[in-house]
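# Working through the structure, step by step
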Amino acid sequence: MNGIQLDGFEPSVKVRHGPDGKITEGLQVGDTLRQNQALILVLHKGELKERPSTGCGIEDMLLDNDPMYWRSLIREQMEMDGQTVSKVAVTKTGITIEATY
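Overview of the structure. Not measured: the values here are computed from a predicted model.

Now for the environment of Glu98. As for its placement among the helices and strands, Glu98 is situated in strand β8 (residues 95–100). Sequence separation between Glu98 and Val85 is 13 residues, and the spatial gap between their C-alpha atoms is 6.1 Å.

The following block contains the structure:
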C-alpha cells in the first residue's frame, strides 16, 4: 500500500522550489507496510487519537513470559489495520511478521 512515508516519525514535508519555480522536493510517497507495522508495534493503546484501540506497546513485552499472548495481539492488530497476515513469530531473537495489504 502506498502512502506518506515518515522520516524519523515526522512527516517529510520539505517543499523546495527550483529556479524554474517547479517543486523539486515534497512529501515522500511509497510503500508503508513496514512503517505501519513498526508504528503499531511501538504504540500503546490510546496513544493514537484517531484510533485509540490501535497499538501493541511492545516495550511491555520485555519482562513478560507469555509469547503466545504477544503473537496473538500482534496478529490481531495487524489484521485490524487491514493487513492479511500469514505468519507471526515471536522468538528470543526478534519478531517476524509476514503480511501484505
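Right, let's talk about a negative patch on the surface for a bit. A surface patch of like charges, here negative, comprises Glu47, Glu59, Asp60, Asp64 and Asp66. Following the sequence through the fold, Asp66 ends up in the loop between α1 (33–42) and α2 (67–80).

Moving on, we come to the pairing of β8. Successive side chains on a regular strand alternate, one facing one side of the sheet and the next facing the other. Across six bridges, the pairing between strand β7 (residues 84–90) and β8 is antiparallel. Within the sheet, the bridge partner assigned to Val88 lies in β8 and is Ile97. As consecutive antiparallel partners, β7 and β8 are separated by four residues.

Conventions adopted
Residues numbered from 1 in each chain as written. Predicted model: local features only at pLDDT ≥ 70, side-chain atom pairs only at ≥ 80, totals over all residues. Heavy atoms only, no water. Helix = DSSP H or I, 4+ residues; strand = E, 2+ residues; numbered from the N terminus. Patch = residues over 30% accessible without salt bridge, like charges linked within 9 Å, V, L, I, M, F, W, Y side chains within 5 Å. Areas by Shrake-Rupley, 256 points an atom, 1.4 Å probe, with all protein chains shown as cover. Salt bridge = Lys/Arg side-chain N within 4 Å of Asp/Glu carboxyl O. Lys, Arg positive; Asp, Glu negative; His and termini not counted. Charge placed at Lys NZ, Arg CZ, Asp CG, Glu CD. Pairing = 2+ DSSP bridges.

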